[in-house]
Amino acid sequence: MKNRLLQAYKQAPWRIQIQWIGLFLLGLVLVASITGLYLSISAQAAAAGRSIQSLEYQISDINNEIAELTSDLAKTKSIEVMLSKAEAMGFKPLNPHDAIFLEVPGYNPRASLELAPPRVNTISETPMILSAYKTSLWQWLIKNIWQSPSSDHLVEGELLP
Amino acid sequence: MKPPFYQRYLIIVIACAVFGLATVIQMVRINYTSYAQELIAKSEEYQGVSKTIYPPRGNIYDRKGNILAANQIGYEVGIDLKYVTDPDSIAFAAASLLDGLDYTYIFGLASTEKQADENRYFVLSSYVSKDKIEELIELKNSYVERRKEQKSLKPSLSGLVWVPMQQRTYPEDTLAANVVGFYDYFSRENAQGAYGVEGAYNRLLTGKPIKVFLPNDPNLVEALPTIDPGASLILSIDREIQKMLEQTLQDAIDWSGAEGGTIIVADPKTGEILGMASTPFFNPNEYWKYGETFTGIIPYNRAIGTAYEPGSVFKVITMAAALDSGVADLNTTYNDTSGVYWVENSWPIYNWNYGAWGLQDMTGCMRHSLNVCLVYIAIDLLGEELFYDYLQAFGFGRSTGIDLANEANYPLRLPDSNQWMVMDLAANSFGQGIAVTPIQMVTAVSAIANDGLMMTPHVVRAVIDKGQQYNVSPQVINSPISAQTARDLTEMLSVSLEEESSTALVDGYRVAGKTGTGQIPTELGYTSSLTNASFVGWGPTDDPQFVVYVWIEKPTISQWGSEVASPIFKDVVEQLVVLMRIPPDHVRNQQANE
């Protein structure tokens, strides 16, 4: 009987050690990366949150300032102030007998005051937010990879930012 | 064979397991103890704060866009004990700058012992003006400089805090206050609009408050939802006309020695109130002084809040009923032989001068304001059924529906009532024994000035809500008389003014109208020499654009409406035609003929 000789291979112990260390380090790097990513996103979200809070305060301050300026303007234009200014400038109330009436074509003295656009009966159904901002990653993948991507990415009537 | 240190490991494992189990048991136990809710509430405090956001109250504008009511910023000043380091400086600053506070009181609050687990806050003053806050800021900054120089912790205003809050302001002060009403902003969350449009449209002006949660965790912060401000109102009131009316009314009261009065100007074609002056005048910026101004039974707005016996101006309604029903026409005559009409042969009715005026047509009856003639029309021609049908058609006995809070109404005493007597019919025919509000008279008379169509009186012309303007459409309440009757009556009352050379006549403008002198009943009957003097008129007669109602209460210079109210009407109309840009009749006719 002939003896067959087979070469048996075995990793050197130091190589196995290196591989384990490598695997461990890979895992560590992965965990560190994920942790770093998470921290970065959390920090950004927190910064955005603080920014939102700050903007809300600014909006509130600006609204207060607008209200203050509006009331200041109204006081400055109040009839007592305007009358005294007019008197100081030499104006006096018009006597009806001194009035001269002229016909001014197109002038409508009784036109109603419009401080805002008139009421619109039809309600626009145009979406105000792009669909891209409302689509999840999964929906996007389905739409763009598994289904044939549409040549028109915008829904009809959708508004561009 | 057990490994070395087996027992030690076992003890450690058991100890850890027991500790873990105890922790879990304690966690479960805490959730079921009486402290659980307390702890949950405490944890929520750390998570953030729930806050109700109140939208800014809507503005109120006149018909030309001038602001009659708006919001401005006031500040709440308080002490936050957590940050107080120098009570003495806080007390000194607050006492010297804020009204109604003394040093000792503030020092006591600022020196209150701080509790470690408690945030204590004391309100010192509300709605402090911006000027005062700027002074406080200046003082605070100067203290910072001093601390730097002296390298010490004092003086310091740390802990003295102020937060902005919106407060109602009325830039025109007393102007149109009786129409606008006021908002009791000192009541904070429970504040309500009172009187006028502030009261009538309170919910619309207030808007919808929303409750939001403001988390402390910045990761959970989201933009606040958009809060629509309360709706704004555009009134039909014209600021210039209102000013003119209030000035004229004040002058008239000073001149006549009257107790009070009201003047209303309305557009008969739409029912819009262009101006409504009423005494006493009141500054809604100091609404807490309401009780000092409106003592006793004085209403906030006499024009809608007081029912009184109008006197002869009411003859216009009786005559309208007679002409419209056909029981009389312009040529119908009445022979006043004695100057007295005996009602059911029991009660005498006399003319205003107790005289007999002979044969009179209907224009003469109105021109001389003959009580006996109008009693004759009501009793002998119209009869109670027809008369009261017309009164109800003209809206007497019920509210006009004007969009102002606190409208008064006095019910009609009708023939089916047990208390009604024929004497009531007689007295009602010339405006006695019946109580009406000035706005009821204006609404009724507007039908005569508007070809028989009676419009709903209103002061709100448009509402601005969520960025859109909703214009209010004029509404017809009723058509009590025909257009022909309205024109005939207008002509009759215009001629009667001209023939008596009334002091109400206005140069260049043809107007129609009627005076009224209403006796004031006392507990003993009509024994008072004081009267209600009034005048109702409209013009220009060929195209009426205004109805003016003047009521002067208890004038002392004269008791007659023709001597007190008529000249006031003239005064008002002379200024009104300029403000409304109504050319004299000859100019308008000339333009029409071109």
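Residues numbered from 1 in each chain as written. Chains lettered and ligands numbered in written order. Predicted model: local features only at pLDDT ≥ 70, side-chain atom pairs only at ≥ 80, totals over all residues.

(A) Structural detail: the overall build of chain A. For chain A, the helix and strand inventory stands at three helices and zero strands. Along chain A, helices and strands appear, N-terminal first, in the series α-α-α. The buried share of chain A, taken over its 161 residues, is 2%. (Helix = DSSP H or I, 4+ residues; strand = E, 2+ residues; numbered from the N terminus. Buried ≥ 20, exposed ≤ 12 C-beta atoms within 10 Å, placed from the backbone.)

(B) Seen up close, the overall build of chain B. Counting secondary structure elements, chain B contains 19 helices and 22 strands. For a compact globule of 594 residues, the expected C-alpha radius of gyration is about 25 Å, and chain B comes in at 35 Å, more than 25% above that figure. On the principal axes, the C-alpha backbone points of chain B span a range of 140 × 65 × 60 Å. Split into buried and exposed, the 594 residues of chain B put 45% on the buried side. Expressed as a percentage of contacts within chain B between residues at least 6 apart in sequence, the contacts between residues at least 24 apart total 72%. (Rg over C-alpha atoms; globule rule 2.2 N^0.38 Å. Contact = placed C-beta atoms within 7 Å.)

(C) How the structure looks around the interface of chain A and chain B. Every contact between the two is made by 34 residues of chain A and, on the other side, 41 residues of chain B. The biggest single contributor to the side of chain A that touches chain B is helix H1 (residues 13–76) of chain A, with 15 residues.

(D) The arrangement of unusual backbone geometry in detail. All names here are of chain B. The omega angle of the peptide bond from Lys 154 to Pro 155 is 0°, so this bond is cis rather than trans. By secondary structure assignment, the location of Pro 155 is in the loop between helix H5 (130–150) and strand E5 (160–169). Cis geometry marks the peptide bond from Gly 539 to Pro 540, where omega comes out at -20°. Within the chain, Tyr 127 stands out as a residue other than glycine whose phi angle is a positive 55°. As for its position among the elements, Tyr 127 is in strand E4 (residues 121–128). Although it is not a glycine, Lys 151 adopts a positive phi angle of roughly 50°.

(E) Broad picture of the packing of helix H16 (residues 438–449) of chain B against helix H17 (residues 483–499) of chain B. Residues and elements named next belong to chain B. Packing of H16 against H17 leaves a shortest axis separation of 7 Å and a crossing angle of 100°. Between H16 and H17, the interaxial angle falls into the category roughly perpendicular. In this structure, H16 contributes Ala 447, Ile 448 and Ala 449 to the contact, and H17 contributes Ala 486, Leu 489 and Thr 490. Looking at the contact of H16 with H17 residue by residue, the classes come out as five nonpolar, one polar and no charged. (Axes fitted to C-alpha atoms, helices over the stretch in contact; angles between N-to-C directions. Parallel < 35°, antiparallel > 145°, perpendicular 65-115°, else oblique. Nonpolar A, V, L, I, M, F, W, Y, C, P; charged D, E, K, R; others polar.)

(F) Here's a closer look at the environment of B:Phe281. Residue and element names in this part refer to chain B. Following the sequence through the fold, Phe 281 ends up in the loop between strand E11 (273–278) and helix H10 (290–293). Phe 281 sits in the partly exposed class, given 15 other C-beta atoms within 10 Å. Through-space distance from the C-alpha of Phe 281 to that of Gly 257 is 16 Å; in sequence the pair is 24 residues apart.

(G) Representation of helix H4 (residues 103–110) of chain B within the structure. Residue and element names in this part refer to chain B. For H4, the set of buried residues is Ile 106, Leu 109 and Ala 110. All buried residues of H4 fall inside an arc of 95° around its axis, so they share one side. For H4, the elements touching its buried residues are strand E3 (67–80), helix H3 (87–97) and E4. (Arc of directions from axis to C-beta.)

(H) How the structure looks around the domain arrangement of chain B. Domain boundaries assigned for chain B yield domain 1 (1–32), domain 2 (67–171) and domain 3 (239–593). Taking only C-alpha atoms into account, the centre of domain 1 of chain B sits 56 Å from that of domain 2 of chain B. (Domains from an automatic or database assignment.)

(I) Just the environment of B:Trp162, in detail. All names here are of chain B. Following the sequence through the fold, Trp 162 ends up in strand E5. Overall, the presence of 17 C-beta atoms within 10 Å leaves Trp 162 in the partly exposed class. When residues no more than four places from it in sequence are discounted, the contact partners of Trp 162 are Tyr 75, Glu 76, Val 77, Val 128, Ile 133 and Leu 136.

(J) Structural detail: the confidence of the model for chain A. Considering every residue of chain A, the mean pLDDT works out to 80; 81% of them sit at 70 or more. A low-confidence stretch, residues 150–161 of chain A stays under pLDDT 50, and its non-local contacts, those more than four residues away or across chains, total nine contacts. (pLDDT = per-residue confidence, 0-100.)

(K) Highlighting the pairing of strand E21 (residues 531–539) of chain B. Residue and element names in this part refer to chain B. Most of E21 sits inside the fold, with nine of its nine residues counted as buried. Taken together, the eight bridges between strand E20 (residues 512–519) and E21 define a ladder with antiparallel strand orientation. The partner of Gly 513 across the bridge, within E21, is Gly 537. In this sheet, strand E22 (residues 546–553) lies alongside E21 in antiparallel orientation, the contact comprising eight bridges. Among the inter-strand pairings, Phe 535 is bridged to a residue of E22, identified as Val 550. (Pairing = 2+ DSSP bridges.)

(L) Focus on the confidence of the model for chain B. Residue and element names in this part refer to chain B. Put simply, chain B has an average pLDDT of 90, and 99% of its residues get 70 or more. Mean pLDDT across the elements of chain B ranges from a minimum in helix H2 (residues 36–47), with 78, to a maximum in E11, with 97. With pTM at 0.83, the complex prediction returns an ipTM value of 0.81.

(M) Highlighting the sheet that holds E20(B). Residue and element names in this part refer to chain B. Overall, antiparallel pairing links the five strands, which are arranged E11-E10-E22-E21-E20 in an open sheet. Two strands lie at the open edges of the sheet, namely E11 and E20, each paired on one side alone. When the angles between neighbouring strand axes are averaged without regard to direction, this sheet yields 5°. Summarising the sheet, strand E10 (residues 260–266) and E11 pair through five bridges and their orientation is antiparallel. When the sheet's bridge partners are listed, Thr 262 is paired in E11 with Ser 278.

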